[in-house]
Amino acid sequence: MTDPVRHHACARPSAPALVTPDAVWTWAELDARVGACAARLAALPRAPDVWQGAAPLAVRAHTSPALVVLTLAALRAGRTLVPLSTRWLAAAVADALDRLGLDALVVDGSDGAPAGLDATPLDALVQAGRGGAEERGGVGEVAQSTVASSTTSLHATTLQGGGAGGVGAEAGRGGARASNPEPRTSHPPFTVVHTSGSTGVPKAALHTVGNHVASARGVNRRLGLGADGRWLLDLPLYHVGGLGVVVRCALEGAAMVLPGEGMSTAEAVRVLRPTHASFVSTQLRRLLDALGGAAGGAASLRAVLLGGSAIPASLLDEAAARGLPVATSYGLTEMTSTVTATAAGADRPALATSGDVLDGRALRVAASGEIEVGGAALFAGYLGPDGLAPPGAWFATGDLGHLDGAGRLVVTGRRGLLFVSGGENVQPEAIEAALLALDGVAEAVVVPVPDADFGHRPAAFVRTTSATPPDADGLRAALRRTLPGFMVPVAVYAWGGAGGMKPDRPALAERARGMGRDRGAEG
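Fair warning: this is a prediction, and the values are worked out from it, not measured in the lab.

Draft legend 1. Quick look at the sheet that holds strand β25 (residues 441-451). Taken in spatial order, the 3 strands make up an open sheet running β25-β26-β27, and their pairing is mixed. Whereas interior strands pair on both sides, the edge strands pair on one side only; in this sheet they are β25 and β27 (491-494). In this sheet, adjacent strand axes meet at a mean angle of 30° when their direction is disregarded. As paired strands, β25 and strand β26 (residues 455-464) are joined by 10 bridges and run antiparallel to one another. If you follow Val446 over to β26, its bridge partner there is Ala460.

Quick look at the structure:
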């Protein structure tokens, strides 16, 4: 076999591969579309070979069946997909491409490409037609040696056993034992995904086929995804979480389920009946609100993988009480998505953690409290003007945490976010957790603002459940009952939320500084 899509097209041609409210594509139909698109990709110019054999293909498009086809076609054609955020402004897109030495972009709309770039419409590569025998036959002409090396790796890559990803018996804040990451074998490049940039300029992380396989298989084993599964793809493909759904389903022969435009999370679950889903806290909140007092509308769900940011304890309480099979997790772009996870429907004490290490990963906690990761899912390195900068065997995440008595990971904050206020260490996540425990708070982010007396003081941005401005005085008074004075924000500002993604902390900090200056001038 050459790749999983072709394998499933031969073994289960009439089984569903991609489901939308309007259509169901079988594996045979998806294979035809992927083959036709791969043939068209072969005709596109390739950037100079500065990525150690990669052939980059930048794309800026919303999640859609066409983008799924392009992703799988890039794999088949030996192209390295570089998905760029649709939330970025044109200047940010241009900067990212410039740092990578690229001047061409695939787009799904007329406003998708900055001026001066060579733009190719996504529809021109992924035509609406089903693709006949002639198109399927054309795949044979697409760089067969490249196709064989990349797509065979996707289906045949073997993973480290549980020992490589497991954590030893000793748990605690420091000195946690974990198996040393075994050497990662060489695999063709597959994607370049930019980090969230929540603490600086986004970095371009190169992932290989082997990275994606290791990540997908570990999640599939933990959450029980099989050929009869249907995973709701409601995340952007410029994040590893979205790409992960595509690879997981491709490996297992499960169907990808894409909601229609404007379809709510609850409606997608009720109508399309997925067995698996990946949600951030905002999506879970909306689902629970729509379900009302019962979870009958979500009866098809076998596993809901939660991630993206910290999940409020009250939200986990409600999900568990409703019987939703949620699983908490910890992951990062550099590890090709999920590193640790609980079982679906784990008990409430387990859901208060991020679970234990998945197969294909290794994890340890340094004496400093910083989480370090490695294993087969660890990315190939950061790409920049000087080429690829590979990581060592262990990658320092910048996140802080410890292992509980059962070997489960508990994430406590991010090292780079800590600041000092009047000689006291302030971890913003601790204040955010206290805010999220208060009634009416849907999202919260805390950033430092300069202070002449204390050096820095915390300021908070809050999105309320009612979408009305927060009661700053009331929230500050409530926080004083649980937090020391130096952790109570000096200001609370209204915020529209992060839209399910990680918040842009540098931008919020700059906004808080500006609002603080305005307030001082008025005073």
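Draft legend 2. Structural view of the packing of aromatic side chains. Under the criterion given, the structure shown has 3 aromatic pairs. Relative to Tyr382, the ring of Phe379 lies with its centre 4.8 Å away and its plane at 65°, an arrangement referred to as edge-to-face. The exposure class assigned to Phe379 is buried, which follows from its relative accessible area of 1%. Taking the centre distance of 5.6 Å and the plane angle of 80° together, the rings of Phe379 and Phe395 count as edge-to-face. Taken as a pair, Phe379 in the loop between β18 (370-374) and β19 (381-384) and Phe395 in strand β21 (residues 395-403) lie far apart in primary sequence, 16 residues in all. The pair Phe379 / Phe395 is uniform in exposure class, with both members buried. Among the aromatic residues, those joined into a ring-pair cluster are Phe379, Tyr382 and Phe395. Positioned above the aromatic ring of Trp25 is the side chain of Arg33, whose terminal nitrogen or guanidinium carbon lies 3.7 Å from the ring centre.

Draft legend 3. Molecular detail of the nonpolar core. Judged by nonpolar contacts, the single largest core of 50 residues is most densely connected at Leu30, Leu41, Val68, Leu70 and Leu72. Those elements that provide at least two residues to this core are β1 (16-19), α2 (27-42), β3 (56-60), α3 (65-77), α5 (122-125), α9 (209-223), α10 (240-252) and β12 (303-306). When residues of this core are assigned to their parent elements, the largest contribution, 9 residues, is made by α3. In this structure Leu70 touches Cys37, Leu41, Leu57, Val59, Leu81, Val106, Leu122, Leu125 and Val126, once residues within four positions along its chain are discounted. In this structure, Val257, Val269, Leu306 and Leu351 belong to the second largest nonpolar core, which totals 26 residues.

Draft legend 4. Region of the structure containing helix α11 (residues 265-272). All of the buried residues along α11 are Thr265, Ala266, Ala268, Val269 and Leu272. Looking at the packing, one finds that the buried side of α11 touches β1, β9 (230-232), β10 (255-257), β11 (276-279) and α12 (281-291). Residue Arg273 follows α11 closely and has a positive phi angle near 50°.

Draft legend 5. Here's a closer look at the pairing of β25. By the criterion of burial, β25 is predominantly enclosed, with 8 of the 11 residues buried. Hairpin geometry of β25 and β26 is characterised by an intervening segment of 3 residues between the two adjacent antiparallel strands.

Draft legend 6. Structural detail: the packing of α9 against α10. Packing of α9 against α10 brings their axes to within 9 Å, and their N-to-C directions diverge by 75°. Here α9 lies roughly perpendicular to α10, going by the angle between them. In contact with His212, Val213, Ala216, Arg217, Val219 and Asn220 of α9, α10 contributes Leu243, Val247, Arg248, Leu251 and Glu252. The residue inventory of the contact of α9 with α10, partitioned by class, reads 6 nonpolar, 2 polar and 3 charged.

Draft legend 7. Quick peek at α3. Helix length check: α3 (13 residues) gives 18 Å between terminal C-alpha atoms against 18 Å at 1.5 Å per residue, within 8%. Burial runs high along α3: 12 of the 13 residues are buried. Within the span of α3, buried status applies to Ala66, Leu67, Val68, Val69, Leu70, Thr71, Leu72, Ala73, Ala74, Leu75, Arg76 and Ala77. Looking one or two places after α3, you find Gly78, whose phi comes out positive at around 75°.

Draft legend 8. The arrangement of the environment of Trp27 in detail. Looking at where Trp27 falls in the secondary structure, it is placed in helix α2. The exposure class assigned to Trp27 is buried, which follows from its relative accessible area of 0%. Along the sequence, Trp27 and His8 sit 19 residues apart, while their C-alpha atoms lie 6.0 Å from each other. Those residues in contact with Trp27, other than ones at most four positions away along the chain, are Val5, His8, Ala9, Arg12, Pro13, Ala15, Pro16, Ala17, Cys249, Ala250, Gly253 and Ala254. Looking at Trp27, its side chain comes within polar contact range of the main-chain oxygen of Pro16, at 3.3 Å. A distance of 3.4 Å separates a polar atom in the side chain of Trp27 from the backbone oxygen of Gly253.

Calculation rules
Residues numbered from 1 in each chain as written. Predicted model: local features only at pLDDT ≥ 70, side-chain atom pairs only at ≥ 80, totals over all residues. Heavy atoms only, no water. Pairing = 2+ DSSP bridges. Helix = DSSP H or I, 4+ residues; strand = E, 2+ residues; numbered from the N terminus. Axes fitted to C-alpha atoms, helices over the stretch in contact; angles between N-to-C directions. Phe/Tyr/Trp six-rings, centres within 6.5 Å; stacked < 30°, edge-to-face > 60°. Buried < 20%, exposed > 50% of the residue type's maximum accessible area, 1.4 Å probe, protein only. Lys NZ or Arg CZ within 6 Å of the ring centre and 35° of its normal. Core = buried A, V, L, I, M, F, W, Y, C linked by side-chain atoms within 4.5 Å. Contact = heavy atoms within 4.5 Å. Parallel < 35°, antiparallel > 145°, perpendicular 65-115°, else oblique. Nonpolar A, V, L, I, M, F, W, Y, C, P; charged D, E, K, R; others polar. Expected span 1.5 Å × (residues − 1). Polar contact = N/O pair within 3.5 Å; in protein donor to acceptor, adjacent residues only side chain to side chain.

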